[in-house]
Amino acid sequence: MPKHKPQDGKLLDRQLRQVWDTFEDFHTFRTDWDNDIRRRGIIDLPPELEFYARKFDDQTPDLEWALQEYIAIETLGTTKIDAVALEKGTDAERDVEDIRIVSASSMLKQNKDRRLDKARVEAMVRYGVAVERKLWHMPTEGEYSDDPDVALEERDSYFKDRKEHCFSMIPVSPLECAWFPLFEPKLFFQRSIVPIIEAYALQNDKHERVTMDKLKKIAFVGESEPLPEYLTGDAFQGEQVRLTIRDACDPKTGEWWITEWVEPYSGGQGVSEDREVLRHYKNPLGTCSYFITPCGTELPSER
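Here's what I pulled together on the structure shown here. Here, residues in each chain are numbered from 1, in the same order as that chain's written sequence. Where local features are concerned, this predicted model is filtered to residues with pLDDT of at least 70; where side-chain atom pairs are given and counted, the filter is 80 or more; whole-chain, interface and lining totals use all residues. Each side-chain value is derived from all of the structure's non-hydrogen atoms; neither hydrogens nor water enter the calculation.

**Here we look at the overall build of the protein chain**
Then step 1. Under the DSSP-based scheme used, a helix requires at least four consecutive residues in state H or I and a strand at least two consecutive residues in state E, with every element numbered from the N terminus. Looking only at helices and strands, the protein chain has eight helices and ten strands in total.
Then step 2. Within the protein chain, buried positions represent 32% of all 303 residues.
Then step 3. As presented, the protein chain carries roughly 20100 Å² of accessible surface, and 53% of it is formed by carbon and sulfur atoms. Burial classification: accessible surface area is computed with a 1.4 Å probe over protein chains only, and a residue below 20% of its type maximum counts as buried, one above 50% as exposed, and the rest as partly exposed. Areas reported as accessible are Shrake-Rupley estimates using a 1.4 Å probe. Residue values count occlusion only from the protein chains shown.

Pasting the structure below:
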């Protein structure tokens, strides 16, 4: 367990409300725009015109067609990964080339069939910004010699022979996100609505699974315990939980820590008093695990 402790619940609530409120207009406008693209928008007419234009609908499939055409055009070119050695010498150039090859191989696996490229371009058109999250898992260690020098060689050989891929990138809906500041954020929130049946796949630090008790409050069961039968009954039909992920930089240490919590969801953006912390762990990337790509602009770090 990490020594770093989750921040006080009241501070988390205050941070969440302040950051989320600044994105309220964005979420509202882009949700309406997304409905228009999907031809699911609701046309509100003035009362004096409603009687004469009950079947009026100004939505058009051209928007969705244009979006797909734009995605096809923008993903014609392939992504090139390059690396430059900042030090002189044969070893430095060789090491950088190894890094470039490994990075390119990793990106090809994560971006199979250009799925990340397509999702990124689509989000930039639909919402004006694309959001992606880098996920990782720690590889299993082997068994090494007691001699430190020999152990280093054995460990190096062990990981060279492994085919395990430890990183992945997933697209995230910008409508689930809010962050501060806009560029190079130091505080990032993602809030997702999860059906209670699917929430069973979520686990806390003790490997306990998320469920609800019969009073519809968050509860946990053992990893090997089956899904409680009452959750599949009519009384829990349509029940959902909200998963909130907070990735933040500690201003004192510069370290990044992620806090996840779940709460019963009954609509709205408020924070429930019945929330339960799911996990609290260190982000080893040294930066925010969420990456944003705005449409039509560039990040300062890309200049």
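**Concerning helix H6 (residues 115-127)**
The periodicity of an α-helix, 3.6 residues per turn, causes residues three or four places apart in sequence to face the same way.
Then step 1. Take the number of residues in a helix, subtract one, and multiply by 1.5 Å to get its expected span. The end-to-end C-alpha separation of H6 is 18 Å, in line with the 18 Å expected for 13 residues at 1.5 Å each.
Then step 2. Residues of H6 that are buried include every one of Leu116, Asp117, Val121, Ala123, Met124, Arg126 and Tyr127, and no others.
Then step 3. A positive backbone phi angle near 85° is found at Gly128, which sits one or two residues after H6.

**Structural notes on the packing of aromatic side chains**
Then step 1. Pairing of aromatic side chains here covers Phe, Tyr and the six-membered ring of Trp, requires ring centres within 6.5 Å, and sorts the geometry by plane angle: under 30 degrees stacked, over 60 edge-to-face, intermediate tilted. Within the structure shown, the criterion is met by five aromatic pairs.
Then step 2. With a centroid separation of 4.7 Å and an interplanar angle of 55°, the aromatic rings of Phe23 and Trp179 are classed as tilted. With Phe23 in the loop between helix H1 (9-22) and helix H2 (24-37) and Trp179 in strand S3 (residues 177-180), this residue pair connects regions lying 156 residues apart in the sequence.
Then step 3. Its relative accessible area of 5% is what places Trp179 among the buried residues.
Then step 4. When the centroid spacing of 4.2 Å and the interplanar angle of 5° are considered together, the rings of Phe188 and Tyr290 count as stacked. Placement of Phe188 in strand S4 (residues 187-195) and of Tyr290 in strand S10 (residues 290-294) is noted, with a sequence separation of 102 residues between them.

**Some words on the nonpolar core**
Then step 1. By nonpolar core we mean a set of buried residues, namely Ala, Val, Leu, Ile, Met, Phe, Trp, Tyr and Cys, connected to one another through side-chain atoms within 4.5 Å. Val131, Trp179, Phe188, Phe189, Val241 and Tyr290 are the most contacted members of the largest nonpolar core, which totals 36 residues.
Then step 2. Take this core: its biggest share by element is five residues, from strand S7 (residues 240-249).

**Let's talk about the sheet that holds S10**
Strand pairing in a sheet is mediated by backbone hydrogen bonds. Such pairs are either parallel or antiparallel.
Then step 1. Pairing between strands is defined by DSSP: at least two bridges between them are needed. With antiparallel pairing, the three strands of this open sheet are ordered in space as S2-S1-S10. The open sheet has two free edges, formed respectively by strand S2 (167-172) and S10, since each of these has just one partner strand. Taking each pair of neighbouring strands and ignoring which way they run, the sheet shows an average axis angle of 25°.
Then step 2. Relative to S10, strand S1 (residues 129-136) runs antiparallel, the two being bridged by five bridges. Within the sheet, the bridge partner assigned to Ala130 lies in S10 and is Thr293.
Then step 3. Contact criterion: two residues are considered in contact whenever any of their non-hydrogen atoms come within 4.5 Å of each other. Every axis corresponds to a line fitted to the C-alpha atoms, with the helix fit spanning only the stretch in contact, and the corresponding angles, defined between N-to-C directions, vary from 0 to 180 degrees. Here H6 sits on the sheet in contact with S1, S2 and S10, set at roughly 145° to S1.

**Remarks on the pattern of salt bridges**
Then step 1. Any Lys or Arg side-chain nitrogen found within 4 Å of a carboxyl oxygen on Asp or Glu counts as a salt bridge. Taken as a whole and judged by the stated rule, the model has 13 salt bridges.
Then step 2. We note a salt bridge from Glu263 to Arg191, for which the minimum N-O separation is 3.0 Å. Placement of the pair is Glu263 in strand S8 (residues 256-265) and Arg191 in strand S4, with a sequence separation of 72 residues. For the pair formed by Glu263 and Arg191, the shared burial category is buried.
Then step 3. We note a salt bridge from Lys282 to Glu255, for which the minimum N-O separation is 3.3 Å. With Lys282 in strand S9 (residues 276-283) and Glu255 in the loop between S7 and S8, this pair connects stretches of sequence that are 27 residues apart.
Then step 4. In this structure Lys282 comes out as partly exposed when scored by relative accessible area, which is 42%.
Then step 5. Here the residues in one salt-bridge network are Arg114, Asp117, Arg120 and Glu132, joined through shared partners.

**Re the environment of Asn111**
Then step 1. Tracing the backbone through its elements, the reader meets Asn111 in the loop between helix H5 (90-110) and H6.
Then step 2. The class for Asn111 is buried, based on a relative accessible area of 10%.
Then step 3. Sequence separation of Asn111 and Met169 is 58 residues, and the distance between their C-alpha atoms is 8.0 Å.
Then step 4. Filtering out sequence-adjacent residues up to four positions away, Asn111 remains in contact with Leu116 and Asp117.
Then step 5. Within the structure, the side chain of Asn111 is placed 3.5 Å from the backbone nitrogen of Arg115, a separation counted as a polar contact. Any pair of N or O atoms that falls within 3.5 Å is considered a polar contact. Within protein, one atom must be able to donate a hydrogen and the other to accept it, and sequence-neighbouring residues count only if both atoms are side-chain atoms.

**Re H5**
Then step 1. Taking 1.5 Å of rise per residue, 21 residues should cover 30 Å, and H5 covers 30 Å from first to last C-alpha, within 8% of that figure.
Then step 2. When H5 is considered as a whole, its buried residues turn out to be Ala92, Val96, Ser106 and Gln110. Projection of H5 onto a plane perpendicular to its axis shows the buried side chains occupying an angular sector of 90°, all on one side. Exposed residues pointing more than 90 degrees away from the buried face of H5 are listed as Thr90, Glu93 and Leu108.
Then step 3. On its buried face, H5 sits against H6, S1 and S2. The directions from the helix axis to the C-beta atoms form the arc being described.

**Side note on the side chain of Thr244**
Then step 1. Assignment of secondary structure puts Thr244 in strand S7.
Then step 2. A polar contact is formed between the side chain of Thr244 and the side chain of Arg191, at a distance of 3.3 Å.

**A few points about the sheet that holds S4**
Then step 1. Pairing within the open sheet is antiparallel, and its five strands lie in the order S3-S4-S7-S8-S9. The open sheet terminates on both sides in strands that have one partner only, identified here as S3 and S9. Pairs of neighbouring strands in the sheet enclose a mean axial angle of 15°, with direction left out of account.
Then step 2. Pairing of S7 with S8, which is carried by ten bridges, proceeds in the antiparallel orientation. What sits directly across from Gln240, in S8, is Tyr265.

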